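What follows is the residue order along each chain.
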Amino acid sequence: MNRTPGIDRERQLEAEQALLHGQTTDMDASSELYRRIFEILKEPLPVGLEPGFSHRVTAIAIKSHQRNKDAQEPWPVVALMLGLFGVFVLALVQKLSQTGWNHGFDLPSQATIAVALVALGDLWIKRRFRGRSRRLFDLKRQ
Amino acid sequence: MGTHVDMRSASHDDHALVADVLAGRGGAFERLIGTHQALVWHIAYRMSGHPEDARDLCQEIFLRVHRTLGQFRFQSALSTWIGRVAFSVASNALQRKKIQLVDPGVMDSDPLLTIAGNDFPDRDLHRDQLRTLVLAAVDALSPLERTLITMYHLDELSIEEIASVVDAPQGTVKNYLFRARRRLRDKLAKLQEELA
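Peer 1: An account of helix α3 (residues 51-68) of chain B is needed here, citing residue identities and associated values.
Peer 2: Across its 18 residues, α3(B) extends 25 Å between first and last C-alpha, which sits within 8% of the 26 Å expected from 1.5 Å per residue. Listing the buried residues of α3(B) in full gives B:Ala54, B:Leu57, B:Cys58, B:Ile61, B:Phe62, B:Val65, B:His66 and B:Thr68.

Peer 1: How would you explain the packing of aromatic side chains if you had to name every residue and give the values?
Peer 2: With the rule as written, the count across this model stands at five aromatic pairs over all chains. An angle of 65° between the planes, with centres 6.0 Å apart, marks the rings of A:Phe53 and B:Phe62 as edge-to-face. A residue pair is termed interchain when its members come from two chains, as with A:Phe53 in helix α3 (residues 53-71) and B:Phe62 in helix α3. The burial state of A:Phe53 is the same as that of B:Phe62; both residues are buried. Measuring from ring centre to ring centre gives 4.6 Å for B:Phe72 and B:Phe74, while their planes differ by 50°; the resulting arrangement is tilted. The class of B:Phe74 is partly exposed, set by a relative accessible area of 29%. Aromatic ring contacts, followed pair by pair, group B:Phe72, B:Phe74 and B:Trp81 into a single cluster.

Peer 1: Summarise the pattern of salt bridges; cite the residues concerned and give the values.
Peer 2: Note on pairing: side chains with opposite charge can pair once their charged atoms come close. Taken as a whole, this structure holds nine salt bridges over all chains when the rule is applied. Here B:Arg131 makes a salt bridge to A:Glu43, at a shortest N to O gap of 2.6 Å. On the criterion of chain membership, the pair formed by B:Arg131 in helix α6 (residues 127-140) and A:Glu43 in the loop between α2 (31-41) and α3 is interchain, its members lying in two chains. Looking at B:Arg131, the relative accessible area reads 34%, which means it is partly exposed. A salt bridge links B:Arg46 to B:Asp139; the shortest N-O distance between them is 3.4 Å. You can see B:Arg46 sitting in helix α2 (residues 28-48) and its partner B:Asp139 sitting in helix α6, a full 93 residues away along the chain.

What counts and what doesn't
- Residues numbered from 1 in each chain as written.
- Chains lettered and ligands numbered in written order.
- Predicted model: local features only at pLDDT ≥ 70, side-chain atom pairs only at ≥ 80, totals over all residues.
- Heavy atoms only, no water.
- Helix = DSSP H or I, 4+ residues; strand = E, 2+ residues; numbered from the N terminus.
- Expected span 1.5 Å × (residues − 1).
- Buried < 20%, exposed > 50% of the residue type's maximum accessible area, 1.4 Å probe, protein only.
- Phe/Tyr/Trp six-rings, centres within 6.5 Å; stacked < 30°, edge-to-face > 60°.
- Salt bridge = Lys/Arg side-chain N within 4 Å of Asp/Glu carboxyl O.

What follows is the structure, encoded as structure tokens:
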């Protein structure tokens, strides 16, 4: 971090921008006033957070993290559920294709429909069984 | 500040702190909050303009930092990344309240022209009086302007860092800062006239 200390940094920015606007800088004419203003602007701004803020927020963050972690299914369960659902959807599409329902739908369209249904199923499974199997495993472990 | 050694040590500290937080080591996140709460407070307070709102924002910001710290790729200093999160959360909060970041029309006019010929406040102005005037003038700036002024003057962030925090080109930040300072001077002159 290259910082030009003090008034030079301000003067540099002022001159640069004044030049951009086709003006001459009046920084030198008012440097004493500017210096006083910059001093005031550099005065510490009291941090209005309570003393236990970091402890409280950390506790909330850890609790929230744990809750999110609990809500996630173990991946083998998700894979199994999705696999079963995928097989079900494929069987359904195959069955429907035999009845002539898919007249006009070529194979890529059928595959797209199947993928869309699996994605919807994935969402539904995650919403419906959110964290249930993990909680079940945890109970068994206890 | 200002040397490569400083940069390296700051980066090393960042790596160690982030690793500790991600590993869930006790006290690590509290340490992170302690280190960066001043910058976060400055941004939250300057953007919201109210201590109560700023407190809520600070909590929201640090919770977001905790949730997304795994996405931090050390492409900037940790403080810059946290500043960016703070600015983003605060901007969203202002948008929800339909408060404009910049006063409408302000950036379209050229303050250089409007203040041409304005006298500076009296150079012998008493320091306390000048302090009151400066703080009042800062409060009267738009949320973005007072945040930029604070980051530049108080937190002493470089233009590059500020540009990264507010996600804008460096030239834009320089221009905003320049205009904010001009407006500050304009407001000081007006406030002094009112007091006189």
